[in-house]
Amino acid sequence: SGQVCYLHDGESVDKAKARFYSPVFYVDAFGGKTAVGYYKDYYLVVEKITDALGNFSEVKNFDFRTMQPKLISDQNCNLTETLFDELGMPKASAVLGKGSEADCMEGQFEFTSAEEELLMVQLLEERNSVEITRIARSLLKRASARYLYFPHNFSKDGKPLATIGIIREEYDRCNPESNLQVSY
């Protein structure tokens, strides 16, 4: 088990109180410290995490509508972008690599269009694997992953709530016709 720490060495409780008691680091069971850095002085938004070995992940861009990270960089400078839907749920993500060497968000938008909604319903109801792949590819576009949510199924039709995940097996830049994994 680990420990959550709210104060740096020599820091007063008033300082922690001013941060809304947001953790400044975590100590794992082996004594390794993971430091937490916040965006400016907004202690609700984590900007950087650094582990005991100096490995880090850093948020390069935030989606302040959802208060979530939009563009993240790891210690090798590989970028990952996430797009959030109308409800603040992850809609699509793209591993960008060092910029444009992998996938991209081209053709993905925050708000779901009527055409996209129709494709989502078709994918949910389709039973033919060739058609499932065709529809999934048109929803995924050039992203690495795409997530579809059906939160109103029960209230509309009495059907259970559903989520579909579409994931590309190879980068779009390497193989635009990569195999897809579609999970219900």
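Residues numbered from 1 in each chain as written. Predicted model: local features only at pLDDT ≥ 70, side-chain atom pairs only at ≥ 80, totals over all residues. Heavy atoms only, no water.

Things to note about the nonpolar core
We apply this condition: Grouping buried Ala, Val, Leu, Ile, Met, Phe, Trp, Tyr and Cys residues that are joined through side-chain atoms within 4.5 Å yields what is termed a nonpolar core. Whether a residue is buried, partly exposed or exposed follows from its accessible area with a 1.4 Å probe, protein chains only, as a fraction of its type maximum: under 20%, in between, or over 50%, in that order. Only DSSP runs of H or I reaching four residues or more are called helices, and only runs of E reaching two or more are called strands; each is numbered from the N terminus. Should any heavy atoms of two residues lie within 4.5 Å, those residues are considered in contact.
The biggest cluster of nonpolar side chains holds 22 residues, and the ones touching the most others in it are Met105, Leu123, Leu139, Leu148, Phe150, Ile164 and Ile166. Secondary-structure elements contributing two or more residues to this core are strand E7 (79-84), strand E8 (90-97), helix H2 (114-125), helix H3 (129-140), strand E9 (145-150) and strand E10 (162-168). Sequence-distant contacts of phenylalanine 150, that is, excluding residues within four places in its chain, are made with Met120, Val121, Leu124, Leu161, Ala162 and Ile164.

With respect to the pattern of salt bridges
The condition that has to hold: The salt bridge criterion pairs a side-chain nitrogen of Lys or Arg with a carboxyl oxygen of Asp or Glu, the two atoms within 4 Å.
For the structure shown, the criterion picks out 11 salt bridges. Between arginine 142 and aspartate 172 there is a salt bridge, and its shortest N-O distance comes to 2.5 Å. Taken together, the positions of arginine 142 in the loop between H3 and E9 and aspartate 172 in the loop between E10 and strand E11 (180-183) put the pair 30 residues apart, joining distant regions of the chain. Within the structure, one salt-bridge network assembled from shared partners comprises Asp103, Glu106, Arg142, Arg168 and Asp172.

What to know about the layout of surface pockets
Vacant regions in the atomic arrangement are exposed by a probe of water-molecule size rolled over the atoms. Rules: Throughout, the protein atoms alone are placed on a 1 Å grid, and a set of points is a cavity if a 1.4 Å probe fits but cannot get out or a pocket if it is open with protein on both sides within 12 Å along at least five of seven lines; lining residues have an atom within 4 Å of a point. Grid points are joined across faces, edges and corners, and a volume is the space filled by probe spheres set on the points. Any residue outside Ala, Val, Leu, Ile, Met, Phe, Trp, Tyr, Cys, Pro, Asp, Glu, Lys and Arg is labelled polar, Gly included; the first ten of those are nonpolar and the last four are charged.
Approximately 470 Å³ is the volume found for the largest pocket. In this structure, the largest pocket is lined by 23 residues; those nearest its centre are Glu117, Met120, Tyr149, Phe150 and Pro151. At the level of secondary structure, the elements contributing two or more residues to the lining of the largest pocket comprise H2, E9 and helix H4 (153-157). Examining the composition of the lining of the largest pocket, we find that 6 residues originate from one element, H2, more than from any other. Classifying every residue of the lining of the largest pocket by side-chain character gives 9 nonpolar, 3 polar and 11 charged. Every element with two or more residues in the lining of the second largest pocket is listed here: H2 and H3. The element best represented in the lining of the second largest pocket is H2, accounting for 3 residues.

Considering the environment of proline 23
Relative to the helices and strands, proline 23 is located in the loop between helix H1 (13-18) and strand E2 (25-27). On the accessibility criterion, proline 23 (15% relative accessible area) is buried. In this structure proline 23 touches Val4, Cys5, Tyr6, Val36 and Tyr38, once residues within four positions along its chain are discounted.

Thoughts on the confidence of the model for the protein
Put simply, the test is: Confidence of the prediction at every residue is given by pLDDT, a number between 0 and 100.
Across the protein, the average pLDDT comes to 95, with 100% of residues at 70 or higher. Mean pLDDT per element in the protein: H4 is the minimum at 87, and E11 is the maximum at 98.

Focus on the sheet that holds E11
The line we're drawing: Here the rule is simple: two strands pair whenever DSSP picks up at least two bridges between them. The angle between two axes is taken between their N-to-C directions and runs from 0 to 180 degrees, where each axis is a line fitted to C-alpha atoms and a helix contributes only its stretch in contact.
Within the open sheet, the 11 strands sit side by side as E1-E2-E3-E4-E5-E6-E7-E8-E9-E10-E11. Their pairing is antiparallel. Two strands lie at the open edges of the sheet, namely strand E1 (3-5) and E11, each paired on one side alone. Geometrically, the sheet is characterised by an average inter-axis angle of 20° between neighbouring strands, direction not taken into account. As defined by bridge partners, E10 adjoins E11 across 4 bridges and the pair is classed as antiparallel. Looking at E11, one finds that glycine 165 is bridged to serine 183. Against the sheet, H2 touches E8, E9 and E10, its axis set at about 85° to E9.

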